[in-house]
Structures are given as C-alpha cells and as structure tokens.
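# Close look at the chain arrangement
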Amino acid sequence: MSSIRHIAVLGATGSIGGNTLNVIARHPERFRASVLTAHRQVDALVALCVQHRPALAVIGDSTLEGELGRKLAAAGVRCDAAAGHDAITAAVSGDLCDTVVAAIVGAAGLDSTLAAARSGKRLLLANKESIVMAGPLLLAALQEGGGELIPVDSEHNAIFQCLPGGRPDLGKSGVRRLILTASGGPFRGRTRAELSAITPDQACKHPNWVMGRKISVDSATLMNKGLEVIEAHHLFNAPAETIEVLVHPQSLVHSLVEYVDGSVLAQLGNPDMRTAIAHALAWPERVDAGVAPLDLAAHAALHFEAPDLSTFRCLALAFQALRAGGDAPAILNAANEVAVEAFLTGALPFLSIADVVESVLTELPPQAVVDVQSLTERDRTAREAARRILRNAC
Ligand code: NAD
Ligand code: MG
C-alpha cells in the first residue's frame, strides 16, 4: 500500500474544506485529495477539482449532476462525477480514500460521518453536529470499523494533544477537568438589551476566526461552545461536571486539561484551523501547516473570564440537554439549526434563538438514542416543532 494518505474532503467548498485543501497542497508527497464534495456550489467545486485533481467529485444536490459533469469536462478535468446525498456516503465508504475530513455543516453531515466511522477510515471530525446528535451511535460505529477519530474542532484537538497519547478516556488518565476555551464571540461583554437588534452580518463578524455563517452565529450565541461541551463529553468520555468553559478572547489557548496532581496542560497557537487540521492529518507525526509562529511577547497579556450564562443562554441550554441525556442534544441541535437559519434570513431576532431552542426542548422530553432511523425521525419532529414555534411567534 502506498504511504500517501488519500483524503475525502466532505464540504470541500467550505471554510474547513478550504483550509484542509491548503494543508494537503503543501505536502503532495504525503497527502492527496482523492474525493471532493460540495452541496450546491458547482463552479467552486469544479475550480477545486482543477487545482487538486481528485478521482471523484460529488455534488450533494442531485439535480446538479449534469451541470457538474459538463463543467468538469469543459475545464479539462478527468475525474468521475456523482451526485446526491447517498453518493457522498458511498464515496466515503469506498476504497478511493483512507481518510475522511467530515466538514459538512449541520445534521446533513451525519450519514457520511457515520459511514466513515463504520468503514474504518481515519475520521477527522469537524462536523460537530453529528457527534452532538448521535454520540453513542458514532462511537459504536468507530468501534465496529476499527478506525480512529482525530478531532479537528480546535478545542478538542487541543485536548487530544494534552491527553497522554491522545487517550480518549478520562477515567484512566488522572484527569480532573477539561477546560474548553471560548473567544466569547463578537458580543462578549454586551447586555441582553444591547443584543436585541443584532443583524446577521454583525453576528457573523467573528473577532478571531473566519468561518461559515452557521457556526459564526453559533459562536455569537455561545451555542457553538455548548455543542462543543457535548462533543467533548462523547469524545473523551467526560461527565458534564468535569467539563468547564472559560472565556479567553484572544483565542490563543485552544483548551486545557487539568490533572489530579494540579498540572494543567494547554495547547496554544495562532487562531488558524490549519494547525488542528495538519495535526489530525499527520498524527502521530507533525507537518508544517503554513501557520505563522505564535509571538506571545507581541500579545503580552492573555485574558480569561467566566462565561455570562444569563446573556448567552444557549450555553446553559446545551449543558441542560447534556444532563437530560438521551436524544436531548439531538433535539437541541435540530431546534438550533432551524432557529439560526431563521435568524440568518431575518425572520427571527438574535435573542429569540435561545427561546426557540428552549421551547422545543420543553415540548419534546428526551428519549433513548436507539438507532439512526429513530434519531432522524426525532430530528425531523424537533425541526417541525421549531418551525411551528417560529410561525406562531411571527
Ligand atoms: P461552511 O458553511 O463554510 O461549509 C460547509 C460545507 O458543507 C460546504 O462545502 C457546503 O457545500 C457543504 N454542505 C452544506 N450543506 C450540505 C448538505 N446538505 N449536503 C452536503 N454538503 C453540504 O462551514 P464550515 O465553517 O467549514 O463548517 C463545517 C463544519 O465544521 C461545521 O460543522 C462546523 O461546526 C465545523 N467547524 C468549523 C470550524 C471553522 O473554523 N469554520 C471550526 C470548527 C468546527
Ligand atoms: Mg471550536
């Protein structure tokens, strides 16, 4: 078998996808992008195919299959083309790749993430919504496939780096607490009254990171951190009471692990996702990520504070869903996806995102997570409930 890693980049046209392709292109002797997928952006996908020459390009929207084939041919790219949700899942399971970067946004990434785990690929997980929704199912799929999951979310990648051998089992590691850092988003320090008229563009203007719009809004509400708390719970087998959130506006300390002897290990670096991506691609080796060296003297002071849970209620709701257990995190996630989309289209005020999520959680008491079918059904029910609440509110 060749020593080159063959990588499927799911969500190649997105922010994580672009950063991944940037790291891959720096190391042609190690990495090859063999499968690229996108949702609807045919032109952007074709441009990436011109540059990276994958064996297969997949467009999620099946009505765009013909357009993708024509445009690839016109661009002189000789690669297979496929379309549809199932084609993405099939590409992940097949032998075109040994590594899968799960960077689709939202619950839409669940099937392909599970398929990557089940087929024993190295899974680089950016799509946090899939582990939030289906944590136990994803862990079971990983065990079944025998592959490995390396977190790409910067906080979880930091924790992975601070645990001995990346060992994802707190009980045996002498770990007391996982401390997830949060930038606090663009509205840190604001009061609720000051947040009543926030626009989507204001919410998407993150102080430190350039990201897709959904995760940018999640960062502004702190739901992103809430999803990450649930993600950490599953990835590291950590009870809710061992996970803490610490606001750190500079985003240089990406997270910390506290041990029972009082040691606290942290991973630091500039806020650039290529560090976590390069770490996960090359692990257990290290490769250049193209990231500027961290100049701590230039930053001088690092600041830390507790999160404001009464202004940023989404973080409290995520802890509540984690403690409630069962499929409450999946309900939380579904309601949040609907509410964020409504906010982005101007149909819901910023502060009401938390209200929608809370109402749906109250309406749908948790059930046990049994299988993907029932979970998908609950996801649908939660979305319908959120849409009804939105309609009644307008
Ligand atoms: P993005 O919006 O920039 O990109 C999303 C990608 O997913 C695009 O390529 C899009 O074509 C594809 N996509 C969207 N809907 C799809 C669907 N229904 N079917 C198939 N493909 C679909 O998002 P992003 O910022 O790159 O985030 C991707 C994931 O990574 C999210 O789960 C996010 O929470 C996570 N993440 C992102 C960052 C970051 O810095 N951007 C950091 C940590 C984690
Ligand atoms: Mg993160």
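Residues numbered from 1 in each chain as written. Chains lettered and ligands numbered in written order. Predicted model: local features only at pLDDT ≥ 70, side-chain atom pairs only at ≥ 80, totals over all residues. Heavy atoms only, no water.

### Section: the domain arrangement of the protein
- What the domain assignment lists for the protein is domain 1 (5–152) and domain 2 (159–393).
- Computed over C-alpha atoms, the centres of domain 1 and domain 2 are 23 Å apart.
- On the domain 2 side, the residues contacting the 38 residues of domain 1 number 40 residues.
- Summed over both sides, the interface between domain 1 and domain 2 buries roughly 3,200 Å², with carbon and sulfur atoms accounting for 70% of that surface.
- For the pair domain 1 and domain 2, the interface holds 3 salt bridges.
- When the shortest N-O distance is used, the salt bridge between E129 and K214 registers 2.9 Å.
- Contributions of two or more residues to the side of domain 1 that touches domain 2 are made by β1 (5–10), α1 (15–26), α5 (110–118), β6 (122–125), α6 (128–145) and β7 (149–151). (Domains from an automatic or database assignment. Contact = heavy atoms within 4.5 Å. Buried area = accessible area lost by both parts, 1.4 Å probe. Salt bridge = Lys/Arg side-chain N within 4 Å of Asp/Glu carboxyl O. Helix = DSSP H or I, 4+ residues; strand = E, 2+ residues; numbered from the N terminus.)

### Quick notes on the pattern of salt bridges
- Per the counting criterion, the structure on display carries 25 salt bridges.
- Close ionic contact of K128 with E228 constitutes a salt bridge, the shortest N to O distance being 2.8 Å. In this pair, K128 is assigned in helix α6 and E228 in helix α10 (residues 223–235), connecting sequence segments 100 residues apart. With respect to burial, K128 and E228 carry one shared label: buried.
- With its nearest N and O atoms 3.3 Å apart, the salt bridge here joins D201 to R213. Taken together, the residues D201 in helix α8 (residues 200–203) and R213 in helix α9 (residues 213–221) connect sequence positions 12 residues apart.
- Through salt bridges with shared partners, a single ionic network connects K128, D153, E155, K225 and E228. (Buried < 20%, exposed > 50% of the residue type's maximum accessible area, 1.4 Å probe, protein only.)

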